[in-house]
Amino acid sequence: MKLLSLTTTAALAGLTMAVGFSGPAQSAADDVTIITLTQTPCQFVEAENGTDHMYMSKEQADCEKINAKSGDMRVMDSETLTLKPGKYIFRVTNKNVPYSLGFWLREHDYNWANPLHKISKISISGGGMDTGKTLDYEVELTEGEYLYSCPLNTTPDYKLLVKS
């Protein structure tokens, strides 16, 4: 198992390790890599080059307003998470968001309303991530383009690319 902590700009800048990032890694087994992500109000810190914008949010609607104004620009300025095909655990922490969060990773063209996508495309999600809580989301990723976000924290859709 490899453990990646993507909490700094330097960790996102390099694309040289086997999983696509430079930064600390810890091997326990070679078959699963752990990607750590931190949610603060209205964003994933690592996705935005390690910058915590220190947004204030008491409810989902606050983030909807913030990200309607700045979300697209912040995603354009962010690094795309680039990984190799394989098994991953996305370890996501709710840091200082005063309401329950979740995590959603899916293929870029996934449509939750399409019943065929539920059986033919990759999509993992879950909720119940209260303030200070960390949850793991396990998935095997194949080559392609993905998005990840938190609909409950109304973050932007961050890009993830899987390629050999």
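Residues numbered from 1 in each chain as written. Predicted model: local features only at pLDDT ≥ 70, side-chain atom pairs only at ≥ 80, totals over all residues. Heavy atoms only, no water.

Explain the sheet that holds strand S9 (residues 144–149) here, please?
In a beta sheet, neighbouring strands are held together by backbone hydrogen bonds and run either parallel or antiparallel to one another. If you walk across this open sheet you meet the five strands as S4-S10-S9-S6-S7, and the pairing is mixed. Unpaired on one side and paired on the other, strand S4 (81–83) and strand S7 (123–129) mark the two borders of the sheet. Between one strand and the next, the sheet's axes are offset by a mean angle of 15 degrees, whatever the strand orientation. Judged from the three bridges that link them, S4 and strand S10 (residues 158–162) form a sheet pairing that is parallel. Note that in S10 the partner of Leu81 across the bridge is Leu160. (Pairing = 2+ DSSP bridges. Helix = DSSP H or I, 4+ residues; strand = E, 2+ residues; numbered from the N terminus. Axes fitted to C-alpha atoms, helices over the stretch in contact; angles between N-to-C directions.)

How do you make sense of the state of the cysteines when you look at a structure like this?
The term disulfide refers to a covalent linkage connecting the sulfur atoms of a pair of cysteines. Taken as a whole and assessed by the stated rule, the structure comprises one disulfide. Free cysteine: Cys150, not disulfide-bonded; nearest cysteine sulfur from Cys63 at 8.6 Å. (Disulfide = S-S within 2.5 Å.)

What is the right way to look at the side chain of Thr154 in this model?
Tracing the backbone shows Thr154 in the loop between S9 and S10. Owing to a relative accessible area of 17%, Thr154 belongs among the buried residues under this scheme. Look past the residues within four positions of Thr154 in its chain and what remains in contact with it is Cys42, Gln60, Cys63, Glu64 and Asn67. (Buried < 20%, exposed > 50% of the residue type's maximum accessible area, 1.4 Å probe, protein only. Contact = heavy atoms within 4.5 Å.)

Looking at this structure, how should I read the nonpolar core?
Nonpolar side chains tend to gather and get buried jointly when the protein is soluble and globular. Ranked by internal contacts, the top residues of the largest apolar core, which has 31 residues, are Phe44, Phe90, Phe103, Leu105, Leu141, Tyr148 and Leu160. Apart from the residues lying within four places of it in its own chain, the contact partners of Phe44 are Leu37, Thr38, Gln39, Val92, Phe103, Tyr148, Ser149, Cys150, Thr155 and Tyr158. (Core = buried A, V, L, I, M, F, W, Y, C linked by side-chain atoms within 4.5 Å.)

Please clarify how the environment of Tyr146 should be interpreted in this entry.
Mapping Tyr146 onto the fold places it in strand S9. Exposure remark for Tyr146: the relative accessible area of 2% places this residue in the buried category. Along the sequence, Tyr146 and Val162 sit 16 residues apart, while their C-alpha atoms lie 7.8 Å from each other. Beyond its immediate sequence surroundings of up to four residues, Tyr146 is in contact with Leu105, Arg106, Glu107, His108, Ile122, Leu141, Tyr158, Lys159, Leu160 and Val162. Within the structure, Tyr146 has its side chain in polar contact with the backbone oxygen of Thr142 (distance 2.8 Å). (Polar contact = N/O pair within 3.5 Å; in protein donor to acceptor, adjacent residues only side chain to side chain.)

By themselves, these figures tell us nothing about what the structure is for.
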